[in-house]
Amino acid sequence: MGLSVSIFGLGYVGAVTTACLASKGHTVWGVDPNSIKVAALENGRTPIAEAEVEDLLSRAKAMGRVFATSNPQEAVANTEISIISVGTPNLRNGRLDLTHVQDVCQQIGTALRYKPGYHWVVLRSTVLPGTTDAVITPLLEDSSGKCAGVDFGVCFNPEFLREGTAVHDFFHPPFTIIGTHHPEHVARLKEIYAWVPGAMFDTTPANAEMVKYACNAYHALKVTFANEIGVLCGTLGVDSKVVMEIFKSDTHLNISGAYLNPGFAFGGSCLAKDLRALNYRAGELDLELPLLRAILPSNAGHIDRGVARVLATGKRDVAVIGLSFKMGTDDLRESPMVHLVKSLLGEGCRIRIWDKDVALGRLIGSNRAFIQEFIPHIGSLLSDDMDEVLSSAQVVVLGTNGPVREKLLASLRPDQVLVDLNTPEPIKSQPQAAVQDGGTWEDSRAARLG
Ligand SMILES: NC(=O)c1ccc[n+]([C@@H]2O[C@H](COP(=O)([O-])OP(=O)(O)OC[C@H]3O[C@@H](n4cnc5c(N)ncnc54)[C@H](O)[C@@H]3O)[C@@H](O)[C@H]2O)c1
């Protein structure tokens, strides 16, 4: 049996959601303060221009599945799920403007005061990580006088449609993300998506909020990358279409999950070297390619953060586990760990290093030359004995990830601090960036519970 759903905001997302959910047999109440949009929906017309929406809406309207109102209370009273899809624009300075989302929460919360039974509030507008927990839930609780998780559920469920192909995208999402702390009642909510072809992920609201930003940032990055490569190709007289077709055919390293695990800086003999050469050539051609130019400084920033994490412990006896640029090689050229060690030495740290693949006596050629240039006294820092390296350390820096990790974790003493560079963490001595408009879910919950 279909569900009854109210949709707040009849813009691109709300209108498409109304049309698509109604076409799946649900009863949908569209809500918007804009009387022209409400009138359009009431007449089975689309409030926005988007292929297929008018067709779906007029058919659903004829079957009595679509209603429109400007009255939030009427919509909430007649439905069991409210979806929020109002705009979240930028202010002039870029800051996210939550005014519309906050207004709707206030309206839904007020309506919930008078509504018996469990109700789901599903935020589909794009908001920064932490917003659902720190802003949405408290507002709903305050305005309803009810308790999230007991009287109503709150979920962040990002939308991935693209205008122009919105209906197709709605019916074929890459995945569906249910970000909630209230899993007890989630089965009912998931009935909305019974038809969804892709994977469904259950996670926290903050994770779900961040996935949406990661996706959009990545999509923008891809367009910009392809455009900069295209400009370079065009100037060099190379066919960019051929280049990118061949590039895209590599689904092992290029179009794949490879290199997409957050961790430490990249290194090795090729990436940095080739980016430098490419950027130098672009400069010779008077080409501005800011994305390609930003990669090496961004990478260096991760090394700086690694150094800062070690220094923030306030301890100076440091064991470095892993020196080569990745596990299973003794190649030290451009290894970010070498740069990290060099910086820490400059900061007065006493360092011992262990790497199962690196023994100075065995290093030859360019690899040895690199060491002689960067940290010539490395021989006195390297040891073949991990236990010996660990024994005198106050801080243990884990660089190259691998099987050694478990052994390392098991052998750490309680007084030793682990800095795992493979796991991005805030630098402890600095104040953590507060979530815009609030703190963490735990903070706000604790504050509200008194
Ligand atoms: N447009 C897209 O392609 C797209 C895709 C994915 C996610 N999103 C996100 O979805 C959200 C909505 O985007 P959009 O493009 O549909 O916005 P939009 O500006 O087209 O529509 C927003 C609607 O909300 C209405 N509204 C404002 N206050 C209201 C209230 N108190 N109650 C009910 N309705 C109210 C406005 O009148 C308007 O009709 C944004 O957060 C956006 O980032 C958009």
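### Side note on the packing of aromatic side chains
Two measures describe an aromatic ring pair: the distance that separates the ring centres and the angle between the ring planes. Taken as a whole and judged by the stated rule, the model has nine aromatic pairs. Note on Tyr118 and Trp120: the rings are 6.0 Å apart at their centroids and 75 degrees apart in plane angle, and the pair reads as edge-to-face. Ring centres 5.5 Å apart and planes at 75 degrees place the aromatic pair Phe171 and Trp195 in the edge-to-face group. Taken together, the residues span a long stretch of sequence, with Phe171 in helix H7 (residues 166–171) and Trp195 in the loop between helix H8 (186–190) and strand E8 (199–203) at a distance of 24 residues. The buried category is assigned to Phe171, whose relative accessible area is 18%. Aromatic ring contacts, followed pair by pair, group Phe170, Phe171, Tyr193 and Trp195 into a single cluster. We note Lys61 situated over the ring of Phe67; from NZ or CZ to the ring centre the distance is 5.7 Å.

### Topic: the site of the ligand
Close to the ligand lie 22 residues; Val13, Asp32, Lys37, Thr88 and Glu163 are nearest. Contact between the ligand and Val13: an oxygen atom at 2.8 Å from a main-chain N or O atom of the residue. In the model, a nitrogen atom of the ligand is placed 3.4 Å from a nitrogen or oxygen of the Gln107 side chain. Here the ligand loses 78% of its free accessible area of 840 Å² to cover by the protein chains. For the shell around the ligand, the secondary-structure elements that each account for two or more residues are helix H1 (12–23) and helix H5 (99–113).

### Describing empty space enclosed by the protein
Summed over the entire model, instances satisfying the criterion amount to one cavity of 30 Å³ or more. Reported here for the largest cavity is a volume of approximately 90 Å³. Taken together, 13 residues form the lining of the largest cavity, with Arg124, Pro158, Pro173, Phe175 and Thr176 sitting closest to its centre. Within the residue set of the lining of the largest cavity, elements represented by two or more residues are H7 and strand E7 (175–180). The residue makeup of the lining of the largest cavity, split by class, is eight nonpolar, two polar and three charged.

### Re the environment of Pro116
If you trace the backbone, Pro116 turns up in the loop between H5 and strand E5 (119–123). Each C-alpha atom of the pair Pro116 and Val38 lies 26 Å from the other, and the pair is 78 residues apart in sequence.

### Examining H5
Taking 1.5 Å per residue, 15 residues should reach 21 Å; H5 reaches 22 Å between its end C-alpha atoms and fits that length. Of all the positions in H5, only Val101, Val104, Cys105, Ile108, Gly109, Ala111 and Leu112 are classed as buried. On an axial view of H5, the arc spanned by its buried residues comes to 160 degrees, and they lie on one face.

### Some details on the nonpolar core
By size, the foremost hydrophobic cluster in this structure holds 36 residues, and its most contacted members are Val5, Val16, Leu21, Ile81, Ile83, Leu189 and Ile192. Counting residues per element, this core draws most heavily on H1, which supplies six residues. Ignoring any residue separated from it by four or fewer positions in sequence, one finds Val16 in contact with Gly11, Ile48, Glu50, Val53, Leu161, Ala166, Val167 and Phe170. Residues Val31, Ala75, Val86 and Val154 belong to the second largest nonpolar core, which totals 31 residues.

### Side note on the packing of helix H12 (residues 290–312) against helix H13 (residues 336–346)
Viewed as axis vectors pointing N to C, H12 and H13 meet at an angle of 45 degrees, and their least axial separation amounts to 9 Å. Of the possible angle classes, the one that applies to H12 and H13 is oblique. Regarding H12 and H13, the two cross each other, and that crossing is right-handed. Taking contact as the criterion, the partners of Ile303, Gly306, Val307, Val310 and Leu311 in H12 are, on H13, Pro336, His339, Leu340, Ser343 and Leu344. In terms of residue class, the contact of H12 with H13 is built from seven nonpolar, three polar and no charged.

### Digging into the sheet that holds strand E12 (residues 417–420)
Spatial strand order, E10-E9-E11-E12: four strands in an open sheet with parallel pairing. Looking along the sheet, the strands with just one partner apiece sit at the ends: strand E10 (350–354) and E12. This sheet shows a mean twist of 20 degrees between the axes of neighbouring strands, independent of strand direction. The pairing of strand E11 (residues 395–398) with E12 spans four bridges and is classified as parallel. Bridging from a neighbouring strand, Val397 pairs with Val419 of E12. Contacting strand E9 (317–321), E11 and E12, H12 crosses the sheet at an angle of about 170 degrees to E12. Along the sheet, H13 makes contact with E9, E10 and E11, crossing E10 at roughly 160 degrees.

Parameters and conventions
Residues numbered from 1 in each chain as written. Predicted model: local features only at pLDDT ≥ 70, side-chain atom pairs only at ≥ 80, totals over all residues. Heavy atoms only, no water. Phe/Tyr/Trp six-rings, centres within 6.5 Å; stacked < 30°, edge-to-face > 60°. Helix = DSSP H or I, 4+ residues; strand = E, 2+ residues; numbered from the N terminus. Buried < 20%, exposed > 50% of the residue type's maximum accessible area, 1.4 Å probe, protein only. Lys NZ or Arg CZ within 6 Å of the ring centre and 35° of its normal. Near = heavy atom within 4 Å. Polar contact = N/O pair within 3.5 Å; in protein donor to acceptor, adjacent residues only side chain to side chain. Areas by Shrake-Rupley, 256 points an atom, 1.4 Å probe, with all protein chains shown as cover. 1 Å grid on protein atoms, 1.4 Å probe; cavity = no way out; pocket = protein on both sides within 12 Å on 5 of 7 lines; lining within 4 Å. Points joined across faces, edges and corners; volume = space filled by probe spheres on them. Nonpolar A, V, L, I, M, F, W, Y, C, P; charged D, E, K, R; others polar. Expected span 1.5 Å × (residues − 1). Arc of directions from axis to C-beta. Core = buried A, V, L, I, M, F, W, Y, C linked by side-chain atoms within 4.5 Å. Contact = heavy atoms within 4.5 Å. Axes fitted to C-alpha atoms, helices over the stretch in contact; angles between N-to-C directions. Parallel < 35°, antiparallel > 145°, perpendicular 65-115°, else oblique. Left-handed = near helix turned anticlockwise from the far one by under 90°. Pairing = 2+ DSSP bridges.

Structural measurements only, silent on function.
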